[in-house]
Amino acid sequence: MTGAREWLSRIRDLPRDGPVKIMNVCGGHERTIALSGLRSVLPDTVALIAGPGCPVCVCPEEDVYQAIQLALRSGVMLVAFGDMLRVPVNLPKREVRSLEQAKAAGADVRAVASPREAVQLALRHPGREVVFFAAGFETTMAPVAASLLEGAPENLSVLLAGRLTWPAVRMLLESEDSCLDALIVPGHVSTVMGLGEWSFVVEAFGLPAAAAGFTPDSLLAAIYSVLRQRREGAPFLDNCYARVIRPDGNPAARDQLRRVFGITGANWRGVGPIPASGYVLRPPFDRHDARLRFPDFAQAGRKRAGDMPAGCDCARVVLGKIRPVECTLYGIACTPQSPVGPCMVSDEGACRIGWTSGERPHAAHH
Amino acid sequence: MCLAIPMEISRIDGYTARCTAKGIARDVSLFLMQGEPLAVGDFVMVHVGYAIQRVSPEDARSSWELFDEMLAAENGRA
């Protein structure tokens, strides 16, 4: 197996062709890139951009608001992945602005690490309405589908905020100001869905693409691959995580996703609506749809694009338009202890990852 | 949330497997692995409590080493 050092020297040996922007769309990739310091060892001409790889960051503000209101006013037990609890909504400071604050105000809010725990909580509390606030990409939505297919009790409903990753990438590449040169294809999304759904990057946009795993050597192999594809003018969809990503992904998981969910247009926080990028429960699983079960708590009026907190630049961070340190709040008004926007809350948010890997604000901001 | 971790299967009971990684044991669902025969001693990639794919023992070990390094990096800087 070729090690990280070898890939790095191959990258350095490639002739330089001017600046190259390579986007990743996975919080796990960004973590490895940031924590192993890949940006500092690559040639200056190679820019690694963190794109929309954080499902918590793009979860619509109106959905977080609805979850908070459900927990506060309906007496439901609200369960969510731990990352969701501190995500703030746009309300004045005196109001309840996050699930964590709702919990402090007496609401029954619980963090879970798996959809199975949501099912188990519903089974243990048969007299309670349990709402599972489920944000996530394909890798998380397949387990959500499985948990419903395995048999969920009637007192469990799901407030679905799942998203498909590839439509957001397609939208970015279609945007007029896109200046991306290559894509690192997300490793575990592809483990579930297969590699084929990323072929549009090559076929429709003529850009190099390579799927990567989560070790530095796998990411460097993918970076080398796209640089070389670009150099040779022959882009293709490479698989640098072939031991785990099979061409057809995980067929059982894909089948379960299809049986439980339809695909619908969906709003992305900070980005706006993207066609065919969200999930909706199909019959008969729609009896577990929290939006149908609690229609009074749907807040369609809150829906609007670009709805990050005031002064927060998460929208441009999510789209890879700026690095976290370029936001004037980063590390000053916005820190992991006191986050303003979702990108500093989630372990997969580019700001949180940047902070954790030691990136500090430029002195000019002080 | 999206971070998947390789684990070794130590017991299987229906769709539930007892899995271990570096001394930590968890119950993991094999519901998404239907059609992929799995046995005690096999390694799977686990995401939010569900096995999503089989992995080799070598890949599992290199991922564990990486997690150790990243945790050390985080603890040193955070």
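A.B. asks: Can you break down the overall build of chain B residue by residue, with the values?
C.D. replies: For chain B, the count of helices and strands is one helix and five strands. Secondary structure elements of chain B occur, N-terminal to C-terminal, as β-β-β-β-β-α. Dimensions of chain B, computed from the C-alpha atoms along their principal axes, are close to 45 × 25 × 20 Å. Out of the 78 residues in chain B, the part that is buried amounts to 46%. Pairs at least 24 residues apart make up 37% of the contacts formed inside chain B by residues separated by at least 6 positions. On chain B, roughly 3700 Å² of surface is accessible, and the fraction owed to carbon and sulfur atoms is 51%. Across chain B, the mean location of the 7 positive side-chain charges is 5 Å away from that of the 11 negative side-chain charges.

A.B. asks: Outline the overall build of chain A, supporting the account with residue identities and numerical values.
C.D. replies: Tallying secondary structure elements over chain A gives 16 helices and 11 strands in all. At 21 Å, chain A has a C-alpha radius of gyration in line with the 21 Å of a compact globule built from 366 residues. In terms of overall dimensions, chain A has a C-alpha envelope of 65 × 50 × 35 Å along the principal axes. Long-range pairs, those at least 24 residues apart, make up 76% of the contacts in chain A between residues at least 6 apart in sequence. Accessible area of chain A: about 13800 Å², with a carbon and sulfur share of 51%.

A.B. asks: I'd love a proper account of the interface of chain B and chain A, names of residues and values included.
C.D. replies: Contacts between the two partners involve 31 residues from chain B and, on the opposite side, 43 residues from chain A. In this structure, the connection of chain B to chain A is made through two salt bridges. A salt bridge links glutamate 36 of chain B to arginine 246 of chain A, with the shortest nitrogen-to-oxygen separation between them at 3.1 Å. Counting across the interface, chain B meets chain A through nine residue pairs in polar contact (both at pLDDT 80 or more). If you list the elements that add at least two residues to the side of chain B that touches chain A, you get strand E3 (24–29), strand E4 (43–47), strand E5 (50–55) and helix H1 (57–77) of chain B. With seven residues, H1 of chain B is the largest single contributor of residues to the side of chain B that touches chain A. A class-by-class count of the residues in the side of chain B that touches chain A yields 18 nonpolar, seven polar and six charged.

A.B. asks: Explain the state of the cysteines to me, using residue names and the numbers behind them.
C.D. replies: Every disulfide links exactly two cysteines, by a covalent bond between their sulfur atoms. Residues and elements named next belong to chain A. Under the defined criterion, the tally for this structure stands at one disulfide over all chains. As a non-bridged cysteine, cysteine 334 has cysteine 351 as the owner of its nearest cysteine sulfur, 6.3 Å distant. Here cysteine 343 is not cross-linked by a disulfide; its sulfur's nearest cysteine counterpart is in cysteine 314, at 3.1 Å. Cysteine 343 sits in the buried class, given a relative accessible area of 1%.

A.B. asks: Before we move on, can you summarise the packing of helix H1 (residues 4–13) of chain A against helix H12 (residues 216–232) of chain A with the specific residues and values?
C.D. replies: Residues and elements named next belong to chain A. With their axes 8 Å apart at the nearest point, H1 and H12 run at an angle of 20° to one another. As summarised for this structure, H1 and H12 are arranged roughly parallel, according to the angle between their axes. Of the two elements, H1 crosses H12, and the hand of that crossing is left-handed. When H1 is examined against H12, the residues Ala4, Trp7, Leu8, Arg10 and Ile11 are found in contact with a partner set consisting of Asp217, Leu220, Ala221, Ile223, Tyr224 and Leu227. Tallied by class, the residues present in the contact of H1 with H12 amount to nine nonpolar, no polar and two charged.

Conventions we followed
- Residues numbered from 1 in each chain as written.
- Chains lettered and ligands numbered in written order.
- Predicted model: local features only at pLDDT ≥ 70, side-chain atom pairs only at ≥ 80, totals over all residues.
- Heavy atoms only, no water.
- Helix = DSSP H or I, 4+ residues; strand = E, 2+ residues; numbered from the N terminus.
- Buried < 20%, exposed > 50% of the residue type's maximum accessible area, 1.4 Å probe, protein only.
- Contact = heavy atoms within 4.5 Å.
- Areas by Shrake-Rupley, 256 points an atom, 1.4 Å probe, with all protein chains shown as cover.
- Lys, Arg positive; Asp, Glu negative; His and termini not counted.
- Charge placed at Lys NZ, Arg CZ, Asp CG, Glu CD.
- Rg over C-alpha atoms; globule rule 2.2 N^0.38 Å.
- Salt bridge = Lys/Arg side-chain N within 4 Å of Asp/Glu carboxyl O.
- Polar contact = N/O pair within 3.5 Å; in protein donor to acceptor, adjacent residues only side chain to side chain.
- Nonpolar A, V, L, I, M, F, W, Y, C, P; charged D, E, K, R; others polar.
- Disulfide = S-S within 2.5 Å.
- Axes fitted to C-alpha atoms, helices over the stretch in contact; angles between N-to-C directions.
- Parallel < 35°, antiparallel > 145°, perpendicular 65-115°, else oblique.
- Left-handed = near helix turned anticlockwise from the far one by under 90°.

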